[in-house]
Number of protein chains: 2
Amino acid sequence: MFFRLFNEIGIVEQLSRALLEARLPHGLTRPHFTVCNHLIRVKDGQTPLDLARAFQVPKTTMTHTLSGLEKHGLVELRPNPEDGRSKRVWLTPAGRAFRDKAIADLGPVFDDLAGGVDPGRLQAILPALEELRVFLDAYRSAKTGGPPRFGLAQVGRKRDPPRT
Amino acid sequence: MFFRLFNEIGIVEQLSRALLEARLPHGLTRPHFTVCNHLIRVKDGQTPLDLARAFQVPKTTMTHTLSGLEKHGLVELRPNPEDGRSKRVWLTPAGRAFRDKAIADLGPVFDDLAGGVDPGRLQAILPALEELRVFLDAYRSAKTGGPPRFGLAQVGRKRDPPRT
DNA sequence: TGACTATAGTACGACATCGCACTAACTAAT
DNA sequence: ATTAGTTAGTGCGATGTCGTACTATAGTCA
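Now for a description of the structure that goes with this document.

Calculation notes
- Residues numbered from 1 in each chain as written.
- Chains lettered and ligands numbered in written order.
- Predicted model: local features only at pLDDT ≥ 70, side-chain atom pairs only at ≥ 80, totals over all residues.
- Heavy atoms only, no water.
- Helix = DSSP H or I, 4+ residues; strand = E, 2+ residues; numbered from the N terminus.
- Buried < 20%, exposed > 50% of the residue type's maximum accessible area, 1.4 Å probe, protein only.
- Contact = heavy atoms within 4.5 Å.
- Areas by Shrake-Rupley, 256 points an atom, 1.4 Å probe, with all protein chains shown as cover.
- Phe/Tyr/Trp six-rings, centres within 6.5 Å; stacked < 30°, edge-to-face > 60°.
- Least-squares fit on C-alpha atoms with pLDDT ≥ 70 in both.
- Expected span 1.5 Å × (residues − 1).
- Arc of directions from axis to C-beta.

Time to look at the overall build of chain A. Helix and strand content of chain A: six helices and two strands. In sequence order, chain A lays out its α and β elements as α-α-α-α-β-β-α-α. Scored against the burial criterion, the 164 residues of chain A give a buried share of 43%. Across chain A, every contact between residues at least 6 apart in sequence was considered, and the portion connecting residues at least 24 apart equals 52%. Counting every atom, chain A has about 8,500 Å² of accessible surface; 54% of that belongs to carbon and sulfur.

Structure (structure tokens):
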């Protein structure tokens, strides 16, 4: 049962990602969009590590994603006046426009989706998914070792054995 | 709403993947496991393209996954007597053992999961997920162009513009 | 102040994913 | 049989993801 569940989730993830990226400008991926979206929905000025935590990705992955966004002029990384080690991520006008346009372009897709699948039914699975996500996150932390530890970043993955 | 849904799905996908791969032998990934599992649950002797369709991945990705499985001696690729272009994928005893051991190793995880999240609740979201998956798959085909066309493989993704 | 530890970010390498282009083989129409 | 179009699989290159290791800065404690 769990296998089927995770399998369905994996396939939906692939398909939804392809659906989104087919509608983004060339060179921009779902993470780029989701980060911009997050910076608008929540707030910008967060640190890269904040974002890595929010999306449950290693910080190296977030560095990579942000560098892509910066290269496209969608965000700006400025030093964090409160902490010399870290930076803060700010959206540029282009970044906001990019996000708005992506959402607009997805409108028809969501309309079709709402026509083909009962939105209420999808809405209804959100709490269970969220519960599952929270459990998996906590489970990883629990199994990884001690307390909250740190930001997420590099934990709990498998370790390369020394090359023989 | 759809964003939140796909976001949760994406995160659950990442976390479940990490959870699984942390319990697999080094060098083997979730696709390796899921393919072996599929070959046992459904049947082996399928063609690589059958598998690519089943997992909704491009055929090049399946080639890569199968070559990894073959390198580890978990599957065998033999010519397809009915079609000189294609091959058939057969599990080796090692492949079956690998799948069985992975499932056994995941037992405790699933027990914990069943303890932390109501399994009935997860079970209940399966039909909606499946419906969503079927819709997304059909939608991609519909938008991509005509009829069933081909196997899945390389479609509907964005095209690289000529390098300037 | 100095020493030790913890944290933020990055450079780098390994590898997975996937689009493009190509070959070989099948199919259809004549 | 010839030819054109389609399909199965792969080589290759580009890029996303992530673990390891490193640097710079903070924080803690004496």
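Let's shift gears to the packing of aromatic side chains. Evaluation of the coordinates by the stated rule reveals 10 aromatic pairs over all chains. Consider the rings of A:Phe3 and B:Phe33, whose centres lie 5.3 Å apart with planes at 40 degrees: the pair is tilted. With one member in each of two chains, A:Phe3 in helix α1 (residues 2-21) and B:Phe33 in helix α2 (residues 30-41) form a pair that bridges those chains. Here the aromatic residues A:Phe2, A:Phe3, B:Phe33, B:Phe98 and B:Phe110 are joined through ring pairs into a cluster of three or more.

On to the relation of the copies chain A and chain B, then. Turning chain A through 180 degrees and shifting it by 0.0 Å along the axis lays it on chain B, with an RMSD of 0.1 Å. In symmetry terms, the pair is related by a two-fold rotation axis. Among all residues of chain A, the one whose C-alpha sits closest to the rotation axis is A:Ile125, at a distance of 2.7 Å.

The subject of this paragraph is helix α2 (residues 30-41) of chain A. Because an α-helix completes one turn every 3.6 residues, residues spaced three or four positions apart along the sequence face the same direction. Residue and element names in this part refer to chain A. Look at α2: 16 Å from first C-alpha to last across 12 residues, which is about the 16 Å you get at 1.5 Å a residue. In terms of burial, α2 is a largely internal element, nine of the 12 residues being buried. Residues of α2 that are buried include every one of Arg30, His32, Phe33, Thr34, Val35, Cys36, Asn37, His38 and Leu39, and no others.

All names here are of chain A. You will see that Gln56, though not glycine, has its phi angle at about 60 degrees, which is positive. Mapped onto the secondary structure, Gln56 falls in the loop between α3 (48-55) and α4 (59-71). Judged by its relative accessible area of 8%, Gln56 falls in the buried class.

What follows concerns helix α4 (residues 59-71) of chain B. Residue and element names in this part refer to chain B. For α4, spanning 13 residues, the distance from its first C-alpha to its last is 18 Å, which sits close to the expected 18 Å at 1.5 Å a residue. Of the residues making up α4, those classed as buried are Met62, Thr65, Leu66, Gly68 and Leu69. Buried positions in α4, seen along its axis, are confined to an arc of 155 degrees and lie on one side of it. Among the exposed residues of α4, those pointing more than 90 degrees away from its buried face are Thr60, Thr63, His64 and Lys71. The inward-facing, buried residues of α4 abut α2, α3 (48-55), β1 (75-80) and β2 (83-91). Looking at the residues trailing α4, positive phi occurs at Gly73, about 75 degrees.

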